[in-house]
Amino acid sequence: MIIVLMGPPGAGKGTQASRLEQQHGLVQLSTGDMLRAAVRNETAVGLEAKSYMDAGDLVPDQVVVGIIAERTAKQDCENGFVLDGFPRTVAQAEALDAMLSERGAQVDQAVELTVSEEALVERITGRFSCAKCGEGYHDQFKRPAQAGVCDRCGSTEFTRRADDNEQTVRERLAAYRQKTAPVLGYYGAKGLLTEIDGLQSIDTVAHQMDDALGVTN
Ligand code: AP5
Ligand code: ZN
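Residues numbered from 1 in each chain as written. Chains lettered and ligands numbered in written order. Predicted model: local features only at pLDDT ≥ 70, side-chain atom pairs only at ≥ 80, totals over all residues. Heavy atoms only, no water.

## Brief notes about the nonpolar core
Residues Val4, Phe81, Leu83, Leu96, Val107 and Tyr187 are the most contacted members of the largest nonpolar core, which totals 31 residues. Ignoring any residue separated from it by four or fewer positions in sequence, one finds Leu83 in contact with Ile3, Val4, Leu5, Leu29, Ile68 and Leu96. In this structure, Ala11, Val82, Ile196 and Met209 belong to the second largest nonpolar core, which totals 21 residues. (Core = buried A, V, L, I, M, F, W, Y, C linked by side-chain atoms within 4.5 Å. Buried < 20%, exposed > 50% of the residue type's maximum accessible area, 1.4 Å probe, protein only. Contact = heavy atoms within 4.5 Å.)

## Remarks on the pattern of salt bridges
Counted according to the given criterion, the structure contains 17 salt bridges. Asp33 is the salt-bridge partner of Arg36, the closest N and O atoms lying 2.8 Å from each other. One end of the pair, Arg36, and the other, Asp33, are both in helix α2 (residues 31-40), 3 residues apart, so they sit about a helical turn from each other. Ionic pairing is found between Arg127 and Asp164, a salt bridge with its closest N-O pair at 2.8 Å. One end of the pair, Arg127, is in strand β5 (residues 127-130); the other, Asp164, is in the loop between β7 (158-159) and α7 (166-189), and 37 residues separate them in sequence. Salt bridges linked by common partners bring Arg127, Arg161, Asp163, Asp164 and Arg172 together as one network. (Salt bridge = Lys/Arg side-chain N within 4 Å of Asp/Glu carboxyl O. Helix = DSSP H or I, 4+ residues; strand = E, 2+ residues; numbered from the N terminus.)

## Some thoughts on empty space enclosed by the protein
The rolling of a water-molecule-sized probe over the atoms marks out the regions of remaining empty space. Counted by the stated rule, this structure contains 1 cavity of 30 Å³ or more. Here the largest cavity is characterised by a volume of approximately 70 Å³. What lines the largest cavity is Leu5, Met6, Gly7, Pro8, Pro9, Lys13, Gly85, Phe86, Pro87, Arg88, Tyr176 and Thr180. Among the secondary structure elements, those contributing two or more residues to the lining of the largest cavity are β1 (2-6) and α7. Residues belonging to the lining of the largest cavity are distributed by class as follows: 7 nonpolar, 3 polar and 2 charged. (1 Å grid on protein atoms, 1.4 Å probe; cavity = no way out; pocket = protein on both sides within 12 Å on 5 of 7 lines; lining within 4 Å. Points joined across faces, edges and corners; volume = space filled by probe spheres on them. Nonpolar A, V, L, I, M, F, W, Y, C, P; charged D, E, K, R; others polar.)

## Some thoughts on the layout of surface pockets
Size it by volume and the second largest pocket reaches roughly 340 Å³. The wall of the second largest pocket is formed by 19 residues, among which Arg19, Gln23, Ile202, Asp203 and Ala206 lie closest to the centre. Taken together, the elements giving at least two residues each to the lining of the second largest pocket come down to α1 (13-24) and α8 (202-213).

## Overview of the UniProt feature "binding site: Zn(2+)" (unreviewed entry) in the chain
Feature annotation in UniProt assigns "binding site: Zn(2+)" (unreviewed entry) to the following positions: Cys130, Cys133, Cys150 and Cys153. Taken together, the annotated residues stretch across 24 residues yet fold into one region, lying no more than 8.6 Å apart by C-alpha. Among the structural elements, Cys133 can be located in the loop between β5 and β6 (136-138). For Cys133, a relative accessible area of 29% corresponds to the partly exposed category. With respect to the helices and strands, the residue Cys153 is situated in the loop between β6 and β7. For Cys153, a relative accessible area of 29% gives the class partly exposed. Filtering out sequence-adjacent residues up to four positions away, Cys153 remains in contact with Cys130, Lys132 and Cys133. (UniProt positions renumbered as here; feature names shortened; annotations may be inferred.)

## A word on the coordination of the zinc ion (ligand 2)
Around the zinc ion (ligand 2), the protein supplies Cys130 (SG), Cys133 (SG), Cys150 (SG) and Cys153 (SG) as donor atoms, at distances of 2.3 to 2.4 Å. Viewed at the metal, the 4 donor atoms of the zinc ion (ligand 2) are separated by angles of 100 to 114 degrees, and the geometry they form is tetrahedral. The class for Cys150 is buried, based on a relative accessible area of 3%. (Donors = N, O, S within 2.8 Å, 3.2 Å for Na, K, Ca; no water. Tetrahedral: all angles 85-135°; square planar, octahedral: opposite > 155°, others 65-115°.)

## A word on the packing of helix α5 (residues 90-102) against α7
As a packed pair, α5 and α7 sit with axes 8 Å apart at the nearest point and diverge in direction by 40 degrees. Put simply, α5 runs oblique to α7. Of α7, the residues touching α5 (which contributes Val90, Ala93, Glu94, Leu96 and Asp97) are Pro182, Val183, Tyr186 and Tyr187. The residue inventory of the contact of α5 with α7, partitioned by class, reads 7 nonpolar, no polar and 2 charged. (Axes fitted to C-alpha atoms, helices over the stretch in contact; angles between N-to-C directions. Parallel < 35°, antiparallel > 145°, perpendicular 65-115°, else oblique.)

## Considering the site of ligand 1
Neighbouring ligand 1 are 34 residues; Thr15, Asp57, Arg88, Arg127 and Arg172 lie closest to it. Interatomic distance of 2.9 Å between a side-chain N/O atom of Gln92 and a nitrogen atom of ligand 1. Ranked by residues supplied to the shell around ligand 1, first place goes to α2 with 4 residues. Tallied by class, residues from the shell around ligand 1 come to 12 nonpolar, 12 polar and 10 charged. (Near = heavy atom within 4 Å. Polar contact = N/O pair within 3.5 Å; in protein donor to acceptor, adjacent residues only side chain to side chain.)

See below:
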């Protein structure tokens, strides 16, 4: 099954994609995580992407399409994957369709998480993640069960993203409205889009998403 998770920055895409991977074995493919790794490792892609990401703007289509083409061709993606943060423009959505159809596959479902702008800023500025395994947390909404220890891997080191400040969040929201919102229409016209209220609790969103996707434990 190939799923596209959509929604503005902070809507909960990463939280739900990680859960789908852990509970249902669908590989999480986050272009944001891949680009941050490229920036950290100072690869050619990372050097090109950094200035766009720091400004809250989108990285050029051909860069992210190239990353996704390479990653989805790997063997662990054979049983399906969840795209988290891709496609973010109609051109990326078209490139994805072309790439999948060459392999005899297609997007099975797109899910949009809707959340108001004020809630998004609160979520993003309170977010942190495990420095070792990447598990996401929140100062208020999702703390580790044991303070200072990652639930998933036991690490005691945590990190916050460079672009998680209020000013960059506003730029990211503007990029979403202008460039990414049209992708909702793209999947809606194909009858593939389900909308879920992302303001509900993480567990409620998870249940509704599993129902929409037809996956069970
Ligand atoms: P990316 O990493 O994709 O960031 P984003 O889309 O801005 O999304 P976020 O990761 O901020 O939010 P999320 O929806 O995953 O929320 P999360 O689950 O963490 O992209 C970063 C940058 O990379 C872009 O700006 C761009 O430059 C570049 N880029 C990436 N992909 C690209 C592409 N395809 N094309 C071009 N450029 C690209 O949740 C947020 C917080 O809220 C967490 O702390 C979480 O614990 C909490 N939370 C989650 N759900 C709930 C809930 N239901 N209730 C309460 N709290 C919740
Ligand atoms: Zn961890």
